[in-house]
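Take a look at the letters that make up each chain.
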Amino acid sequence: MIATPQAALTPEFIAALREFLPADAILSHPDELLVYECDAYTIEKRSPDLVVLPSTTAEVVSVVELCARHQVPFIPRGAGTNLSGALLPVEGGVIIAVTRMNRILNVDFANRRALVEAGCVNAWVTTAAKSRGLFYAPDPSSQTACTIGGNIATNSGGPHTLKYGVTTNHILGFEMVLPDGEVVWLGTKPDQGEDVEGYDLRGAAVGSEGMFGVVTRALVRLIRAPESFKTMLGVFESVDDASQAVSEIIAAGIIPGALEMMDQLITQAVEAAYHFGFPLDAGALLIVELDGAAAGLDRQADRVIAICRKNLARDVRLARSDEERALLWKCRKRAFGAIGRLSPNYLTQDGVVPRSKLPEIMRFIKATSERFQLRIPNVFHAGDGNIHPLVLYDERDPDQVRRAVAAGEAILEKCVEMGGSVTGEHGIGVEKMDFMARQFSSADLEAMRMLRRVFDPQGRCNPHKMFPGSKRCGDFAPRKQASA
Ligand SMILES: Cc1cc2nc3c(=O)[nH]c(=O)nc-3n(C[C@H](O)[C@H](O)[C@H](O)COP(=O)(O)OP(=O)(O)OC[C@H]3O[C@@H](n4cnc5c(N)ncnc54)[C@H](O)[C@@H]3O)c2cc1C
């Protein structure tokens, strides 16, 4: 069941909020709400009725209980870097932003785990652990902004999750406030060993896109940092050659820590922004990072270099220092930020294809770019077959918006047709709801809905996301036109 629309919040609701939240933790002015009208998927927008900024689990419980009493929908929010519209307040409601709950509560070096609040920024965890040679592995490119709560809700990946696994592999347990206000802990508890009492529901809730409750604290796994790195930059004439090298590196039994690709257009934008010294005429760049025990890494690096050369790499450079390696990763991880040099807006797609089909999907993206007359640079997790075409458009031109949506949908359709998926890590949100019925049977979808109802029987927690047929923002014309 989906909650009934909440036109506007009553004065009684706001007065009740003021009893347990300080004034600066309640945002209600239209100018303040504007900040929350979308996440990093900017194509659909709608302001919430209210934003609250709790500082404790108890405050989250009070807000959620109040919403339950008044039948008001609410949306848990972290840093707002989501790329699929998972934060869109389709029919208004209250955004519960946990960004003030951002403390690292404890780093347990002996047991290699850290207890953090949900609004803790991803990169801060590694910063707190690295003095003792430990790190938190999932490293989304947004890691200097995104939060652990948001990572849990989207089961985030990142360049290094090729080798180390995604968020679900590194979350031992977490505290969540259910939509009726009950506080539950899923998975391993902070004061226990790794065993879990009763059903282990953490895997069911990781990746639930904020639709099961508000995560307030998390116990995350820390792992030993690699002893040594070999970070290489392969310079190729074409995306085809670079893609073939990706397949052959994996087929050779080598699992790099990261295997990332940038095409020519994005390389040019990144070079203009960060000045690494990338060759502007290269068709594609491959970043291959090997890590682990120092012994044997040289031999693996030689094999990677040989595979790149066999696939016509013009050059393979090895990072000569930690500084050069850090700069290379800065360029890769901030690539989306460089897009501002090319276009006022971009739509990030997140399809997955079998790795061996990378050349085919990249050719299809090029053809799609020509068909819709929009530029589409690519920077992506090649080792995972997880593509990120960035469809460039200008939101002031409705026809460009329509074409951007249509181009993105054409690419995702192709991914499904090729045996892949419409999301590798960014989630479904509002953007890809219609694709769910193409990827899953109606029985699968019903099973997912039933699971969701266990956590949120009234459908008030982040409503109108993920499931096909959900309501959309009434004024969203581009998608209607695109599918017409
Ligand atoms: C430049 C850029 C690069 C990116 N690179 C990557 C990448 O490499 N890999 C990757 O996986 N993603 C990437 N992303 C997407 C995004 O950063 C991740 O999905 C991230 O996990 C979102 O975290 P957040 O704190 O911003 O969450 P938000 O955007 O605030 O929320 C995302 C979802 O999580 C839910 N949520 C947030 N906090 C909570 C909570 N406390 N409890 C319950 N639900 C919650 C929300 O309701 C929403 O459904 C990138 C985004 C950008 C802008």
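Participant: How should I be thinking about the confidence of the model for the protein in this particular structure?
Facilitator: It should be kept in mind that the predicted coordinates are not to be read in detail where pLDDT is low. In this model, the protein carries an average pLDDT of 94, and 96% of its residues clear a pLDDT of 70 or more. The model gives residues 1-7 a pLDDT under 50, and that stretch makes 21 contacts with residues more than four places away or in other chains.

Participant: Looking at this model, I keep getting lost on helix α13 (residues 358-372). Mind explaining?
Facilitator: Along an α-helix, a turn takes 3.6 residues, which lines up residues three or four apart on a common side. Here α13 is 15 residues long and its end C-alpha atoms lie 21 Å apart, about the 21 Å a rise of 1.5 Å per residue gives. Burial in α13 covers these residues: Leu358, Pro359, Ile361, Met362, Ile365, Thr368, Ser369 and Phe372. Trailing α13 by a residue or two, Gln373 shows a phi angle of about 55°, which is positive.

Participant: Where do I start with unusual backbone geometry in this structure?
Facilitator: In most cases, non-glycine residues show a negative phi, while peptide bonds are predominantly trans. A positive phi is found at His275, a non-glycine position, where the angle reads about 55°. Tracing the backbone shows His275 in the loop between α9 (264-274) and β14 (284-292). Residue His464 is not a glycine yet carries a positive backbone phi of 65°. Looking at the secondary structure, you find His464 in the loop between α16 (442-455) and α17 (477-483).

Participant: Before we go on, may I ask you to explain the side chain of Asp49 in this structure?
Facilitator: Tracing the backbone through its elements, the reader meets Asp49 in the loop between α2 (30-34) and β2 (50-52). An unpaired buried charge is present at Asp49: no salt bridge exists, and Arg46, the closest side chain of opposite charge, is 4.2 Å distant. A polar atom in the side chain of Asp49 sits 2.8 Å from the backbone nitrogen of Gly93.

Participant: How do you make sense of the sheet that holds strand β12 (residues 228-236) when you look at a structure like this?
Facilitator: The pairing of strands in a sheet happens through backbone hydrogen bonds and is either parallel or antiparallel. An order of β15-β12-β14-β13-β17 is seen for the five strands of this open sheet, with the pairing classed as antiparallel. Every other strand in the sheet has two partners, leaving β15 (315-318) and β17 (379-380) as the edge strands with one partner each. In the sheet, β12 pairs with β15 via four bridges, with the strands oriented antiparallel. Paired with Val235 across the strands is Asp315, a residue of β15. The sheet contacts of α9 involve β13 (258-263), β14 and β17, and relative to β13 the element is tilted by about 90°.

Participant: Any chance you could explain the side chain of Asp350 here in plain terms?
Facilitator: Take Asp350: it is sitting in the loop between β16 (345-348) and α13. The charged side chain of Asp350 is buried without a salt bridge, its nearest counter-charge being Lys432 at 4.2 Å. Reaching out from Asp350, the side chain makes a polar contact with the backbone nitrogen of Gly424 at a distance of 2.9 Å. For Asp350, the side chain forms a polar contact with the main-chain nitrogen of His426, separated by 2.7 Å. Apart from residues no more than four positions distant in its own chain, Asp350 is found in contact with Asn386, Ile387, His388, Leu412, Val422, Thr423, Gly424, Glu425, His426, Gly427 and Lys432.

Participant: Before we go on, may I ask you to explain the domain arrangement of the protein in this structure?
Facilitator: Each assigned domain of the protein is listed here: domain 1 (1-225 + 433-484), domain 2 (228-338) and domain 3 (343-427). If you average the C-alpha positions of domain 1 and of domain 2, the two centres end up 34 Å apart. Taken together, the contact pairs nine residues of domain 1 with twelve residues of domain 2. In total, domain 1 and domain 2 occlude about 930 Å² of area from one another, counting both sides; carbon and sulfur atoms represent 54% of this. Remark: the boundary between domain 1 and domain 2 carries two salt bridges. Between Lys333 and Asp139 there is a salt bridge, with its nearest N and O atoms 2.8 Å apart. Joining domain 1 to domain 2, the criterion identifies five residue pairs in polar contact (both at pLDDT 80 or more).

Thresholds applied
- Residues numbered from 1 in each chain as written.
- Predicted model: local features only at pLDDT ≥ 70, side-chain atom pairs only at ≥ 80, totals over all residues.
- Heavy atoms only, no water.
- pLDDT = per-residue confidence, 0-100.
- Contact = heavy atoms within 4.5 Å.
- Helix = DSSP H or I, 4+ residues; strand = E, 2+ residues; numbered from the N terminus.
- Expected span 1.5 Å × (residues − 1).
- Buried < 20%, exposed > 50% of the residue type's maximum accessible area, 1.4 Å probe, protein only.
- Lys, Arg positive; Asp, Glu negative; His and termini not counted.
- Salt bridge = Lys/Arg side-chain N within 4 Å of Asp/Glu carboxyl O.
- Polar contact = N/O pair within 3.5 Å; in protein donor to acceptor, adjacent residues only side chain to side chain.
- Pairing = 2+ DSSP bridges.
- Axes fitted to C-alpha atoms, helices over the stretch in contact; angles between N-to-C directions.
- Domains from an automatic or database assignment.
- Buried area = accessible area lost by both parts, 1.4 Å probe.

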